[in-house]
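Observations on chain architecture
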Amino acid sequence: MIKQKSLSLHHMVSQKEGNIVSDMDGEKVMLSIHNGKYYNLGEMGGEIWELIKEPIIVQNLIAALTEQYDVEYSECEEQVLSFLTLLLEEGIVDAA
């Protein structure tokens, strides 16, 4: 498993099983069955969550987001890596 702060553009990330996700007014909310915590992923976090249903390389995830949204690549990279690192630390995504 990848330890915090070591996630890179070349890692493959995917959702872990054991999470219940619902759409609430355009934002994704999630309950982790493993740790009993609720998470509000927000609109963009929900979009990322959908994109990692199947394993995807972080660099390809960022490319997909920058094609879909008006955001600079460097800003998207920073935000996505930060978000995925938090999800990884919470144990709700896998990275290899």
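Here is a short report on the structure shown in this document. Computed from a prediction, not measured in an experiment: that's the story for all the values here.

As a further point, take the nonpolar core. Side chains of nonpolar character tend, in soluble globular proteins, to be buried together. Ranked by internal contacts, the top residues of the largest apolar core, which has 24 residues, are Val13, Ile48, Ile52, Leu61, Val80, Leu84 and Leu87. Looking at this core, the elements with two or more residues in it are strand E4 (38-41), helix H1 (42-51), helix H2 (58-68), helix H3 (73-90) and strand E6 (93-95). The element best represented in this core is H3, accounting for 7 residues. For Ile48, the residues in contact, after removing those within four places along its chain, are Leu61, Leu65, Val80, Phe83 and Leu84.

Looking now at the sheet that holds strand E3 (residues 27-32). With antiparallel pairing, the 3 strands of this open sheet are ordered in space as E2-E3-E4. The open sheet is flanked by strand E2 (19-24) and E4, the only strands paired with a single partner. If you compare each strand with its neighbour and ignore which way they point, the axes differ by 25° on average. Inspection of the sheet shows E3 paired to E4 by 3 bridges, in the antiparallel sense. In the sheet register, Val29 faces E4, and the bridge partner there is Asn40.

Taken together, the side chains of Asp23, Asp25, Glu27 and Glu43 present a region of like negative charge at the surface. Structurally, Glu43 can be placed in helix H1.

Think of an α-helix as 3.6 residues a turn; residues three or four steps apart then line up on the same face. Counted at 1.5 Å a residue, the expected span for H3 with its 18 residues is 26 Å, and the 26 Å between its end C-alpha atoms agrees. In this structure, the buried residues of H3 make contact with strand E1 (12-15), E4, H1, H2 and E6. Trailing H3 by a residue or two, Gly91 shows a phi angle of about 80°, which is positive.

Helix-helix packing is characterised by the crossing angle of the two axes and by the distance between the axes. Remark: H1 packs on H2, axes separated minimally by 11 Å, with the N-to-C direction vectors making an angle of 130°. Between H1 and H2, the angle is such that the two are oblique. Classified by chirality, the crossing of H2 by H1 is right-handed. Counting all contacts with H1, which are made through Met44, Glu47, Ile48 and Leu51, the residues of H2 involved are Leu61, Leu65 and Gln68. For the contact of H1 with H2, the residue count by class is 5 nonpolar, 1 polar and 1 charged.

Cut-offs and rules
Residues numbered from 1 in each chain as written. Predicted model: local features only at pLDDT ≥ 70, side-chain atom pairs only at ≥ 80, totals over all residues. Heavy atoms only, no water. Core = buried A, V, L, I, M, F, W, Y, C linked by side-chain atoms within 4.5 Å. Buried < 20%, exposed > 50% of the residue type's maximum accessible area, 1.4 Å probe, protein only. Helix = DSSP H or I, 4+ residues; strand = E, 2+ residues; numbered from the N terminus. Contact = heavy atoms within 4.5 Å. Pairing = 2+ DSSP bridges. Axes fitted to C-alpha atoms, helices over the stretch in contact; angles between N-to-C directions. Patch = residues over 30% accessible without salt bridge, like charges linked within 9 Å, V, L, I, M, F, W, Y side chains within 5 Å. Areas by Shrake-Rupley, 256 points an atom, 1.4 Å probe, with all protein chains shown as cover. Salt bridge = Lys/Arg side-chain N within 4 Å of Asp/Glu carboxyl O. Lys, Arg positive; Asp, Glu negative; His and termini not counted. Charge placed at Lys NZ, Arg CZ, Asp CG, Glu CD. Expected span 1.5 Å × (residues − 1). Parallel < 35°, antiparallel > 145°, perpendicular 65-115°, else oblique. Left-handed = near helix turned anticlockwise from the far one by under 90°. Nonpolar A, V, L, I, M, F, W, Y, C, P; charged D, E, K, R; others polar.

In short, geometric facts, not functional conclusions.
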